[in-house]
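# Coordinate analysis (summary)
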There are 2 protein chains.
Amino acid sequence: MSNPIQLYDTTLRDGTQRRGISLSVEDKLQITKLLDEFGFDYIEGGWPASNPKDTAFFKSAGRYVKHAKITAFGSTRRRGVFVDSDVNLRAILDAECPAATLFGKSSVFQATKILGLSLEENLAMVEESVQFLRNHGLEVIFDAEHFFDGCQEDLSYALDVLKAAENGGADWIVLCDTNGGSLPDQVREFVGQARNVVTVPLGIHAHNDGGLAVANSLAAVQAGVSMVQGTINGYGERCGNANLCTIWPNLVYKMKLSAGNEAMLRELTRLSRTVAEIANLIPDDSAPFVGDNAFTHKAGVHVGAVRKYPEAYEHIRPEQVGQTRRILVSELAGRSNLLYHFQNLDASSETVKELVQTVKRMEARGYQYEDAPSSMKLLVERSLGHVPVYFDVDRFHASVTHDQRTIAEATVRIVVGEDHFVEVGEGDGPVHALDAALRRALTQIYPVIEGLRLKDYKVRVLDGRDGTRALVRVWIRSEFRDETVQTVGVSRNILEASWLALLDSVNYVLWISHAVPAINEHQLRPSK
Amino acid sequence: MSNPIQLYDTTLRDGTQRRGISLSVEDKLQITKLLDEFGFDYIEGGWPASNPKDTAFFKSAGRYVKHAKITAFGSTRRRGVFVDSDVNLRAILDAECPAATLFGKSSVFQATKILGLSLEENLAMVEESVQFLRNHGLEVIFDAEHFFDGCQEDLSYALDVLKAAENGGADWIVLCDTNGGSLPDQVREFVGQARNVVTVPLGIHAHNDGGLAVANSLAAVQAGVSMVQGTINGYGERCGNANLCTIWPNLVYKMKLSAGNEAMLRELTRLSRTVAEIANLIPDDSAPFVGDNAFTHKAGVHVGAVRKYPEAYEHIRPEQVGQTRRILVSELAGRSNLLYHFQNLDASSETVKELVQTVKRMEARGYQYEDAPSSMKLLVERSLGHVPVYFDVDRFHASVTHDQRTIAEATVRIVVGEDHFVEVGEGDGPVHALDAALRRALTQIYPVIEGLRLKDYKVRVLDGRDGTRALVRVWIRSEFRDETVQTVGVSRNILEASWLALLDSVNYVLWISHAVPAINEHQLRPSK
């Protein structure tokens, strides 16, 4: 049975309108898989007509979903064109999705002044376009653009547009606050008006220009809509779309309505952070529910109370959205976190105390282990003396020379016991060259390294205000057999930061595969 | 005559509970002056009893305000202590402010479990403390902490607390959603209940844990409160306090209520940015009304419309809050964006057609011009033949060597006419070293380059799935005289990408300053 409130995500289409976001096809597929896992009901993939990236996405997207319906977005037919020869509508059919989302104007001003249409023509465009896709077997969602502004200008015409969509056979009619300036009372009133004239199930699509996208979405639900459109982290043009990471927990925990996969709601924070990571945007620390500060208490009046009664200063339990409570100016947060992650540690031991100090010191230097569990694991296991020293790096050198063309070259000198290995690598850039040289040296000693595949490489400049002197954090994701290896390195020198993250990756792989040198009888010494 | 809605700012007290904020006395006084200039009615300065910083603030604050009342914050008297010997209440008197804000519990759970009080004792503490300050001539604002949660637990007791404050002579009773988890409907309902039992004017104090602080504040105003407490940029503990930069324009422009100095509302963005700068926090680009993206348009469809009718995709005019419209150049847009930026271009000319193709080609290679207007400008002006070739790069070389310690070094060979310049630079990393070498060479030819200051450096890995072979986009922001220079470079080689962005910065500066070589009679050749 389907949930009473359907979650409709448009991160991949409206979300990418946010300044600074640009998603590759791979990024989009990764997000699709994630949204499906979290039980989102509809995933709007893009405009099939607009660019080749979206075409490539629609080719593969269906294979990434078990529950969600992928929907293709596009406008109603152009003026003076028959539906079956309209390029956009054809492109939607070619996308071969189970559902399509068509947008059309539901405002007199928009139809006449912006599109230069007669009011009748606009209605015909809506009805015929919906009908065309419906006749081709698609589930059709009609986005009534500028609906709330349209109601203020000319209520009866705005409602006529909804009726045209219903006559065309729309499965859903979504009321859009396109400019994001409506107040919750207006939303409630006009949703009521819409319910009086159509029987098709309704949805809401809100923007945050007045800071009210979440409130407007919830007000629409109270007034009777059963689909909420929005984006992860509220990404979107101008001030963003309605934030599904805020709306979803409000629907479930506050309004007691079913939506999405509620078991997964308890991992909401991971969803938010992963999408931010893919979009390469810094997460908002103050975001409701999922922000780093959402359950963070500064030392003072609140802390004592929260320790005794969490509900004293928390509106829900952090675990309900995959968060943990943090208390600042206190070692408790770090310690309990560590103990949570490494349950074999003895809580009272000196090692744990030292570890907390080490982690704090590394974090102060710019390290962040949340997205680098392999580096974290190495750090802990090394401090416990569990990780041998597999090799020493005597020297590395990387250079880029531009002279007619650009050449990147690197050399490394690796020592294992009595043996040393000097190797050179070439690459598209200096990090690629370093990686090549390191692998070339190491596979002679540890053939297992051949199974390590580099998958993703990210760079974040911390405190860029020092210009090219800035501190840089490099994050590397690799795969080794069935395991994902995620490591981090920090330095003012981008090549050194990359080198540190690379070293962690190979050391982690050597450790989990219990590697021993293939080249001599050398006994590895412990790390501590 | 005072405004029907009083704006009460607690940035200096509740705002500083945000993780990462720490304000000096000077900072606080600067913000006070600003808030007064913008017509805020009350400015909560801090806890006079809590620390010497706040004591110093209260000594001077009165001199910084013409309109606003400074208020001192503190709790009701302790249990079992007479009001006139209570340290906190004494400290409030010593602050010598015209107003005081006292907080007390209006929830059975909070009074009995957290403070361990009997219900009667809690009521007595509220009434006596308010009365004490009132008798000393202060205007008294009573903050009913946990009011909305309290109403859900035991409505009649929550209302009894308000009556106690009224009996004590409170001038204002402020209803607090301390944990930030209430919904607008609950706020509306319980404000109504409060109005039934007290005649004192009411206020609202909302937190944003459910993403509804703004909506809850506006709902309370609709239900009859006449004071709104909040902070600039929504700073505050956890997910923050209600954001006055969002509430104020909503009150005035949407709800048509008078509040603050409305002439100054047209400079709201300056208020937000200045406070962010003083607090040393990066402004939120997506913030409603004041964010950098709030009136930024990216979609091609929208851009054409906005050029003709700004109201097509803008809920208010940017000037109403001290903003300007921005149009981004991006893959989703095209001709209309370009024409908006370069209004001297002839829309129908071949050049424009070619330019659109060039931009698309560059974007397909990973370039993104929306945050690199200087690179965009160079591209356009070069294609029009307006930019001379200031110098040629014969060769550059950058290297990083790790051998005991890590060293970064770079060399460049620059040619201008018959002359060549070979220079070397050192740095924390290879980009820093390249920058140093390039500057050293160029300032000999073009001394104006000395005025170029690098301010920010960002790296984005595009499609990191190629691992260390990934395409990299580098973005550099510099300052030159009063102008911000923003450029971009793309390559699979991070040093080459950085180099390209650096070259654009210096070329842009040479171009806007009409530079000529200082070293010889060399005639610069055109770029096309």
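Residues numbered from 1 in each chain as written. Chains lettered and ligands numbered in written order. Predicted model: local features only at pLDDT ≥ 70, side-chain atom pairs only at ≥ 80, totals over all residues.

Further remarks concern the overall build of chain A. Secondary structure summary: chain A contains 17 helices and 16 strands in total. Seen through its principal axes, chain A has C-alpha atoms that stretch 85 × 65 × 45 Å. Burial status across chain A gives 54% buried among its 528 residues. Long-range pairs, those at least 24 residues apart, make up 68% of the contacts in chain A with a sequence separation of at least 6. (Helix = DSSP H or I, 4+ residues; strand = E, 2+ residues; numbered from the N terminus. Buried ≥ 20, exposed ≤ 12 C-beta atoms within 10 Å, placed from the backbone. Contact = placed C-beta atoms within 7 Å.)

Residue and element names in this part refer to chain B. The 3 strands lie next to each other as β14-β15-β16, forming an open sheet whose pairing is antiparallel. Strands at the two margins of the open sheet, each flanked by one partner only, are β14 (452-462) and β16 (483-491). When strand polarity is set aside, the average angle formed by the axes of neighbouring strands in this sheet is 15 degrees. Summarising the sheet, strand β15 (residues 471-480) and β16 pair through 9 bridges and their orientation is antiparallel. For Val474, the partnering residue across the bridge sits in β16 and is Gly489. In the packing of helix α17 (residues 494-512) onto the sheet, the strands contacted are β14, β15 and β16, and the crossing angle to β16 comes to about 145 degrees. (Pairing = 2+ DSSP bridges. Axes fitted to C-alpha atoms, helices over the stretch in contact; angles between N-to-C directions.)

Residues and elements named next belong to chain B. Residues of strand β8 (residues 227-230) alternate between two faces, with Met227 and Gln229 on one and Val228 and Gly230 on the opposite face, all of them buried. Pairing geometry for strand β7 (residues 202-206) and β8, over 3 bridges, is parallel. Bridge pairing in β8 places Gly203 opposite Met227. Taken together, β7, helix α8 (residues 213-222) and β8 constitute a β-α-β crossover, and its handedness is right-handed. (Right-handed = clockwise from strand over helix to strand, strands pointing away.)

In any sheet, the strands associate via hydrogen bonds between backbone groups, in a parallel or an antiparallel arrangement. All names here are of chain A. The strand order across the open sheet formed by 3 strands is β14-β15-β16, and the pairing between neighbours is antiparallel. With one partner strand each, in any of the chains shown, β14 (452-462) and β16 (483-491) form the two edges of the open sheet. Each strand axis lies, on average, 15 degrees off the axis of its neighbour in the sheet, ignoring direction. Set on the sheet, helix α17 (residues 494-512) makes contact with β14, β15 (471-480) and β16; between it and β16 the angle comes to about 145 degrees.

Residues and elements named next belong to chain A. In terms of residue burial, helix α9 (residues 244-254) counts as a mostly covered element, since 9 of its 11 residues are buried. Of the residues making up α9, those classed as buried are Leu244, Cys245, Thr246, Ile247, Trp248, Pro249, Asn250, Leu251 and Val252. The inward-facing, buried residues of α9 abut β1 (6-9), α8 (213-222), β8 (227-230), α10 (262-265) and α11 (268-279). In the stretch just after α9, Lys256 is the one whose phi turns positive, near 55 degrees.

A separate point is the packing of helix α6 (residues 147-168) of chain B against helix α7 (residues 184-197) of chain B. Residues and elements named next belong to chain B. At a closest axis distance of 10 Å, the pairing of α6 and α7 adopts a crossing angle of 25 degrees. Here α6 is positioned roughly parallel relative to α7, judged by the angle of their axes. Crossing of α6 over α7 shows right-handed handedness. Between α6, through Phe148, Cys151, Leu155, Leu159, Leu162 and Lys163, and α7, the contact on the second element is made entirely by Gln186, Val187, Phe190, Gln193, Ala194 and Val197. (Parallel < 35°, antiparallel > 145°, perpendicular 65-115°, else oblique. Left-handed = near helix turned anticlockwise from the far one by under 90°.)

Attention now goes to the domain arrangement of chain A. Split by domain assignment, chain A resolves into domain 1 (6-279), domain 2 (295-330), domain 3 (332-363) and domain 4 (392-512). A straight line from the C-alpha centre of domain 1 of chain A to that of domain 3 of chain A covers 46 Å. (Domains from an automatic or database assignment.)

What follows deals with the interface of chain B and chain A. Taken residue by residue, the interface counts 85 residues in chain B and 84 residues in chain A. The set of elements that each furnish at least two residues to the side of chain B that touches chain A consists of α4 (108-114), α8, α9 (244-254), β11 (392-403), β12 (405-416), α16 (430-445), β14 and α17 of chain B. The biggest single contributor to the side of chain B that touches chain A is β11(B), with 9 residues. Where strand β11 (residues 392-403) of chain A and β11(B) come together, 7 bridges link them in antiparallel fashion. Within β11(B), the residue paired with A:Ala398 across the bridge is B:Val400.

What follows concerns helix α6 (residues 147-168) of chain A. Taking 1.5 Å per residue, 22 residues should reach 32 Å; α6(A) reaches only 18 Å between its end C-alpha atoms and comes up short. Residue A:Asp154 marks the point of greatest curvature in α6(A), where the axis turns by about 135 degrees. (Expected span 1.5 Å × (residues − 1). Bend = angle between axes of the 7 residues up to and from the residue.)

What follows is about the nonpolar core. Ranked by internal contacts, the top residues of the largest apolar core, which has 197 residues, are A:Phe142, A:Leu175, B:Phe142 and B:Leu175. Leave out the neighbours within four places in its chain, and A:Leu175 touches A:Ala144, A:Phe147, A:Phe148, A:Val191, A:Ala194, A:Leu202, A:Gly203, A:Ile204 and A:Ala220. Counting 114 residues, the second largest nonpolar core, distinct from the first, contains A:Ala410, B:Leu438, B:Val459 and B:Tyr508. (Core = buried A, V, L, I, M, F, W, Y, C linked by C-beta atoms within 7 Å.)

Residue and element names in this part refer to chain A. If you trace the backbone, Asn243 turns up in the loop between β8 and α9. A tally of 27 C-beta atoms within 10 Å means that Asn243 is categorised as buried. For the pair Asn243 and Ile232, spaced 11 residues apart in sequence, the C-alpha to C-alpha distance is 5.9 Å.

Here the focus is unusual backbone geometry. Residue and element names in this part refer to chain A. Phi angles above zero are rare outside glycine, and Arg238 is one such case at about 55 degrees. Assessed through the 26 C-beta atoms surrounding it within 10 Å, Arg238 is described here as buried. Here Lys256, not a glycine, exhibits a phi torsion of approximately 55 degrees, which is positive. Inspection of the secondary structure assignment puts Lys256 in the loop between α9 and α10. Take Lys256: there are 7 C-beta atoms within 10 Å of it, and that puts it in the exposed class.

Our next topic: the confidence of the model for chain A. All names here are of chain A. Averaged over all residues, the pLDDT of chain A equals 89, while 91% of them reach at least 70. Segment residues 329-333: pLDDT under 50, and 6 contacts once partners within four positions in sequence are set aside and those in other chains are kept. Here the complex is predicted with pTM 0.74, and the ipTM for its interfaces comes to 0.75. (pLDDT = per-residue confidence, 0-100.)

Helix-helix packing is described using two parameters, namely the angle between the two axes and the distance between the axes. Residues and elements named next belong to chain A. At a minimum axis distance of 10 Å, the contact between helix α15 (residues 373-383) and α17 shows a crossing angle of 65 degrees. The pairing of α15 with α17 is recorded here as roughly perpendicular in orientation. The hand of the α15/α17 crossing is left-handed. Residues Ser374, Ser375 and Leu378 of α15 lie in contact with α17, whose contacting residues are Asp504, Asn507 and Tyr508. By residue class, the composition of the contact of α15 with α17 is 2 nonpolar, 3 polar and 1 charged. (Nonpolar A, V, L, I, M, F, W, Y, C, P; charged D, E, K, R; others polar.)

The two faces of a sheet get side chains in turn, since along a regular strand they alternate between them. Residues and elements named next belong to chain B. Summarising the sheet, β11 and β12 pair through 11 bridges and their orientation is antiparallel. Looking across to β12, one finds that Thr401 is bridged to Ile407. Between β11 and the antiparallel strand that follows it, β12, lie 1 residue; Gln404 among them carries a positive phi value of about 70 degrees.

In this section: the environment of B:Ser129. Residues and elements named next belong to chain B. As for its placement among the helices and strands, Ser129 is situated in helix α5 (residues 119-135). We classify Ser129 as buried; it has 30 C-beta atoms within 10 Å. For the pair Ser129 and Ala170, spaced 41 residues apart in the sequence, the C-alpha separation amounts to 9.9 Å. Those residues in contact with Ser129 that lie beyond four places of it in its chain are Thr76, Arg77, Val83, Leu89 and Leu102.

What follows concerns the environment of A:Tyr367. Residue and element names in this part refer to chain A. The residue Tyr367 is located in the loop between α14 (350-364) and α15 in this model. In this structure Tyr367 comes out as partly exposed when scored by C-beta crowding, with 18 C-beta atoms within 10 Å. Remark: the alpha-carbon pair of Tyr367 and Gly489, spanning 122 residues in sequence, is separated by 7.1 Å. Non-local contacts of Tyr367, meaning those with residues more than four positions away in its chain, are made with Met362, Val488 and Val490.

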